[in-house]
Amino acid sequence: ALLTAAVCFAPNSVSAQKGGNKKPQPDLSLHQEMFKNLIAPYKGKVIYVDFWGTWCPGCIQEFSYMKKIKEDLAGEDITYMYFASNSPEDQWEKDIRKHNLIGDNVVHYRLPKYQHQMLDKLFNIQRYPRYLIVDRDGNVVDKEAPRPSSGKKTVAALKVWLDKEASAVATETAGEKPELSDN
């Protein structure tokens, strides 16, 4: 699905931090709410998030490795979510088609600049491409996930959450309480 989206939120506010002459820290609650709304339709699945731009050669290069990642994780309960930053709509659509970034478990967002900046701030994104892993409950569990070009390392990082959560579901179904570590 290709989505050019604008999610309605009030402008960023700043909350004061307690103590001394410390600089006020931005209130990221709106940023978090926006991200939660964007991933909400995919709750129950592990999400591999890719922040990229049509202007970023490294981002485009990583696309060629996604085919193998998807093959290795075929049949798994995973969604591949792409956020294009500052990318013209025509080039965005062209890159998606050219690199075959489509499928039932693939979703694309091209957000307005200010909303993409909110995500950059929320996840402290200083460079592109950048990858995240989100667990089935919508929690970001890896803010520096491996790139697709890391191959087996990327698959292993995703499998940790796919397997951990699959065993938790099986345990719950059997009537036992799952024991999940914080790792």
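The model shown is predicted, which means the values in this text are computed figures rather than measured ones. (Residues numbered from 1 in each chain as written. Predicted model: local features only at pLDDT ≥ 70, side-chain atom pairs only at ≥ 80, totals over all residues. Heavy atoms only, no water.)

Novice: Honestly, the packing of aromatic side chains in this entry has me stumped. Any pointers?
Specialist: Ring pairs (aromatic) are described by centroid distance and by the angle formed between their planes. One pass over the full model with this rule turns up nine aromatic pairs. Judged by centre distance (6.4 Å) and plane angle (40 degrees), the rings of phenylalanine 35 and phenylalanine 83 are tilted. Highlighted residues: phenylalanine 35 in helix α1 (residues 29-39) and phenylalanine 83 in strand β5 (residues 78-84), separated in sequence by 48 residues. Considered together, phenylalanine 35 and phenylalanine 83 belong to a single accessibility category, that of buried residues. Owing to a relative accessible area of 4%, phenylalanine 35 belongs among the buried residues under this scheme. (Phe/Tyr/Trp six-rings, centres within 6.5 Å; stacked < 30°, edge-to-face > 60°. Helix = DSSP H or I, 4+ residues; strand = E, 2+ residues; numbered from the N terminus. Buried < 20%, exposed > 50% of the residue type's maximum accessible area, 1.4 Å probe, protein only.)

Novice: I tried to follow the confidence of the model for the chain on my own but got confused; where do I start?
Specialist: Detailed reading of predicted coordinates is not advised where the pLDDT is low. Averaged over the chain, the pLDDT score is 83; the fraction of residues at 70 or greater is 75%. Note that residues 6-19 has pLDDT below 50 and, in this model, 32 contacts with residues that lie over four places away or in other chains. Counting interchain partners and residues more than four positions distant, the pLDDT-below-50 stretch residues 170-183 has 10 contacts. (pLDDT = per-residue confidence, 0-100. Contact = heavy atoms within 4.5 Å.)

Novice: Teacher, can you tell me more about the pairing of strand β7 (residues 130-134) here?
Specialist: Regular strands place side chains that alternate from one sheet face to the opposite one. Among the five residues in β7, five count as buried, and that is most of the element. Where β7 meets strand β8 (residues 140-142), two bridges bridge the pair, whose relative direction is antiparallel. Across the sheet, the residue bridging to valine 134 is valine 140, located in β8. Between the antiparallel neighbours β7 and β8 lie five residues, among them glycine 138 with a positive phi of about 90 degrees. (Pairing = 2+ DSSP bridges.)

Novice: Would you mind going over the pattern of salt bridges with me for this structure?
Specialist: Pairs can form between side chains of opposite charge once their charged atoms are near each other. Considering all chains together, one arrives at nine salt bridges under this definition. Note that arginine 136 is salt-bridged to aspartate 77, the shortest N-O span being 3.1 Å. Of this pair, arginine 136 sits in the loop between β7 and β8 while aspartate 77 sits in the loop between α2 (57-72) and β5, placing them 59 residues apart in sequence. Here aspartate 77 falls in the partly exposed class, since its relative accessible area comes to 30%. Between glutamate 144 and arginine 127 there is a salt bridge whose closest N-O contact spans 2.9 Å. Taken together, the residues glutamate 144 in the loop between β8 and α5 (152-173) and arginine 127 in the loop between α4 (113-122) and β7 connect sequence positions 17 residues apart. Classification of glutamate 144 by relative accessible area gives partly exposed; the value is 47%. The class for arginine 127 is partly exposed, based on a relative accessible area of 41%. (Salt bridge = Lys/Arg side-chain N within 4 Å of Asp/Glu carboxyl O.)

Novice: Hey, could you run me through the nonpolar core in this one?
Specialist: Within soluble globular proteins, side chains that are nonpolar tend to cluster in buried spots. Ranked by internal contacts, the top residues of the largest apolar core, which has 47 residues, are Phe35, Phe83 and Leu119. Every residue in contact with phenylalanine 35, bar those within four places of it in the chain, is listed here: Val49, Phe83, Leu119, Leu122, Phe123, Leu132, Val134 and Val140. (Core = buried A, V, L, I, M, F, W, Y, C linked by side-chain atoms within 4.5 Å.)

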